[in-house]
Every structure is written in C-alpha cells, then in structure tokens.
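Breakdown of the fold
Chain by chain, the residues:
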Amino acid sequence: MKTPKEAPGRKLLQWIMAPLVPLVVVGGYYWPYFGYVAITLLTIMLVQVWFRGRYYCGWICAMGGFYERILARVSLNRPMLPLFKAAWFKWLVFTLMMGLLLSRLFLSGGDPEKIGGVFVMMWTISTGFAIALGLIWKPRSWCSICPMGTMQGLLAPTRFRLSVAESCKGCKLCARVCPIETNPSAFKGDYVRSADCMRCFNCVENCPQQALSVVATPVLQRSAGNQKTVPGASPRASSRPEPAPSLSSS
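Bear in mind the structure is a predicted one, so any value in this text is a computation, not a measurement.

1. Here's the deal with helix H8 (residues 112-134)
The terminal C-alpha atoms of H8 lie 33 Å apart, and with 23 residues this matches the ideal 33 Å at 1.5 Å per residue to within 8%. Listing the buried residues of H8 in full gives Gly116, Val118, Phe119, Val120, Met122, Trp123, Ser126, Thr127, Ala130, Leu133 and Gly134. The inward-facing, buried residues of H8 contact helix H2 (20-25), helix H3 (27-30), helix H4 (35-52), helix H6 (62-69) and helix H7 (87-107). Its side-chain oxygen 3.0 Å from the backbone nitrogen of Glu113, Asp111 forms the N-cap of H8.

Here's what the structure looks like:
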C-alpha cells in the first residue's frame, strides 16, 4: 500500500511533541520536576476533550507522536491482537494504572518534587509497555488500551465523532490507515464509538468514496421510543478536518 495521506499539520505537530517523551522519562530521572510537563499535557487533554473528544490522542499526545514517528521505524508492524480491543482488558489496564497513579500521589504527601516524580514514573511505565508492544505489533498498539484514551471516551462520548455515510463501500482502507486499526466501515450509517477513534483523520483523508466526515455534535433522532444517531444531520458536519491548533492556543 502506498504511503497514506495525512491531514495538514499533523505530522509536524507530532514531531514537535515527540521529544518530550525522552525529556520526561530520561530527564525526569535526574530532575523529577520534568514530570510537570506530563501534568501540563494532562490538563490540555482534560480541557480539549469536551470540545473535540479524543482529538488529543491523534494530534497532541507526545507519546503518540513518539510511537508513530520514531518507534514505527523499527516496528515489525504486525496486526494488533484482539485482546487489545477487548473492553474488559481496556478497563483492567485503566483500573490498574489509575490505581497506581492515585496511590502514589497520596503517598507523595503533597510534596511538589515527589508529585513530579509520580508522573515521571507513570510516563516511564507507559512508554515501556508501549515500546514492548509497538516493536512487535502496530507502533500505537498501546494507544488502543491507554487509560487516557479510555478516559476521554468516557468523558466525551458524543463530541466530534466520526460519521460513516451509507455510501461506504466497505473496502476497509480506513482500517488499514488507522493507527489503532479501528474499522469505521463496521459503523456504516452510524458513528464510530468515541473511545475507538483518535480523530487523526487518516481515514477521512484516504477514503476513496469520501464517505467519512467529522460531526462536532451528533444529532439524535427519536422515533417509536428509540434513539438513533443520524450521520451528517448536523449542519456542523465537515468532510475534512480543520487545521491543527497551534501549541500556544492549546
């Protein structure tokens, strides 16, 4: 398959963000205050999720950029295991990682240096798991089970969702260009689940039928007591993503 097209600005933004991973993981070993870089990005994520859903994962996440631009160069790039997409496994990882984070924050006693060290530790653990998975399977395999991705899907299940029109032919090119192997064609005539879509727009850019679009706020249609989503019904729907926001505006 030829090199997939990407939304303008996404590749550049990921290259800008990727160096933050070694800065936090390696630099934080010597100076724990680098952990506040992770706290800053977490804050950005928690703000933007209410407007663009899991957009942070596809564009802004430093770890995602590191895996997709650097780890991808040495990855075997094998198809992801079904386990990585199992809901119970995602919630197990979420529970374990969040439990570890909260317990370590509690034990920090509010000490600023120790708080920074907690986030350095969490990034180190996440990056270690991600590299182990990404060397064998898709470079962003970890992103399919990442607790932060799960959290974003939970917080904003209806924001900025990917719509799949009836004109979809089911060629599955979208699944092949998706960093986490989500198959939008499986949601024909509906919306892709928020937690399963990073809003990277690779599928939108490469769909030969132009059957994919992003809807800021999906419209709900009620009939006979049932609730159904109606792709494309919102006047705010767009067949192409908007340009990436600058780092300063984020």
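2. Some points on the pairing of strand E2 (residues 212-215)
Side chains Leu212 and Val214 of E2 all project onto a buried face; the interleaved residues Ser213 and Val215 project onto the opposite face, where all are buried too. The pairing of strand E1 (residues 161-164) with E2 spans 4 bridges and is antiparallel. Following the sheet pairing, Leu162 is matched in E2 by Val214.

3. Notes on helix H9 (residues 147-155)
Looking only at H9, the buried set comprises Pro147, Gly149, Thr150, Met151, Gln152 and Gly153. Packing partners of the buried residues in H9 comprise H4, helix H5 (55-59) and H7.

4. Focus: the state of the cysteines
Considering all chains together, one arrives at 0 disulfides under this definition. Unpaired in this structure, Cys171 has its nearest cysteine sulfur neighbour in Cys174, at a distance of 6.1 Å. According to the relative accessible area criterion, Cys171 is partly exposed, its value standing at 42%. Its sulfur unpaired, Cys207 is 6.3 Å from the next cysteine sulfur, which belongs to Cys171.

Rules of the game
- Residues numbered from 1 in each chain as written.
- Predicted model: local features only at pLDDT ≥ 70, side-chain atom pairs only at ≥ 80, totals over all residues.
- Heavy atoms only, no water.
- Helix = DSSP H or I, 4+ residues; strand = E, 2+ residues; numbered from the N terminus.
- Expected span 1.5 Å × (residues − 1).
- Buried < 20%, exposed > 50% of the residue type's maximum accessible area, 1.4 Å probe, protein only.
- Contact = heavy atoms within 4.5 Å.
- Polar contact = N/O pair within 3.5 Å; in protein donor to acceptor, adjacent residues only side chain to side chain.
- Pairing = 2+ DSSP bridges.
- Disulfide = S-S within 2.5 Å.

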